[in-house]
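The lines below spell out each chain.
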Amino acid sequence: QVQLVESGGGLVQTGGSLRLSCAASGSIFSRAAMGWYRQAPGKERELVAIISTDGSSHSLDSAKGRFTISRDNAKNTVYLQMNSLKVEDTAVYYCNAVVGSSFNLWGQGTQVTVSS
């Protein structure tokens, strides 16, 4: 059974940095497009960044220049490096794995809180 386990969330001050990690168990990782999403209280879940199997990536406009998504296929892990954090980045961050239309898995989420 494949699972996604996020880590690295926490409390940080405005302008600080965090690195989120998402470790995937099982053999699906190398075939999966991996994404980071976030959901703030009272808001819909939104895509933050996504990275395909070939390493190409796309980020939310508000995250460009501040957040970087990367993946290590040898470690079955995807990362989200977040710099210059803002209060509005506060949310639960979720890892997602997609393989075509047949596989879509979410992690349990990790809380990121940015204080002013």
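For the structure itself, look to the data block above.
Each value, and the rule that gives it
Counting starts from 1 at the beginning of each chain's written sequence and moves along it residue by residue. Given that this is a predicted model, residues contribute local features only at a pLDDT of at least 70 and side-chain atom pairs are listed and counted only at 80 or more, while totals for whole chains, interfaces and linings are drawn from all residues. The side-chain quantities take in all heavy atoms of the structure and omit both hydrogens and water. When the sulfur atoms of two cysteines come within 2.5 Å, that pair is taken as a disulfide. Secondary structure elements are taken from DSSP: a helix is a run of H or I of four residues or more, a strand is a run of E of two residues or more, and numbering for both begins at the N terminus. Contact criterion: two residues are considered in contact whenever any of their non-hydrogen atoms come within 4.5 Å of each other. Counted as salt bridges are all cases of a side-chain nitrogen of Lys or Arg within 4 Å of a carboxyl oxygen of Asp or Glu. The cut-offs for exposure are 20% and 50% of the maximum accessible area for each residue type, with area from a 1.4 Å probe on protein chains only; residues under the lower value are buried, those over the upper are exposed, and the others partly exposed.

**Q** What should I look at first to understand the state of the cysteines in this one?
**A** This model, assessed by the stated rule, comprises 1 disulfide. Across a sulfur-sulfur distance of 2.1 Å, Cys22 and Cys95 are joined as a disulfide pair. Residues Cys22 and Cys95 are joined by a disulfide whose S-S torsion is about -80°; by sign, that bridge is left-handed. Of this pair, Cys22 sits in strand β3 (residues 18–24) while Cys95 sits in strand β9 (residues 91–99), and the two are 73 residues apart along the sequence.

**Q** Teacher, can you tell me more about the environment of Ala33 here?
**A** Secondary-structure assignment places Ala33 in strand β4 (residues 33–39). In the structure, Ala33 is positioned 17 residues away from Ile50 in sequence and 7.1 Å away in space, judged by C-alpha atoms. Excluding its chain neighbours within four sequence positions, the residues that come into contact with Ala33 are Ile51, Ser52, Thr53, Arg71, Asn96, Ala97 and Val98.

**Q** What is the right way to read the side chain of Ser21 from this model?
**A** Locating Ser21 in the fold gives a position in strand β3. Setting aside its immediate chain neighbours within four residues, Ser21 contacts Val5, Glu6, Ser7, Trp36, Thr77, Val78 and Tyr79.

**Q** I keep staring at the pattern of salt bridges and nothing clicks. Help me out?
**A** Any two side chains of opposite charge can pair, given that their charged atoms come close. Per the counting criterion, the structure on display carries 4 salt bridges. For Arg38, the salt bridge is made with Asp89, and the minimal N-O distance between the two is 2.9 Å. Here Arg38, found in strand β4, pairs with Asp89, found in the loop between β8 (77–82) and β9; they are 51 residues apart in sequence, far enough to count as distant. By the burial criterion, Arg38 is buried, and Asp89 matches it. Among the ionic pairs, Lys64 bridges to Asp61, the shortest N-O distance being 3.3 Å. Here the salt bridges do not stand alone but share partners, grouping Arg38, Glu46, Arg66 and Asp89 into one network.

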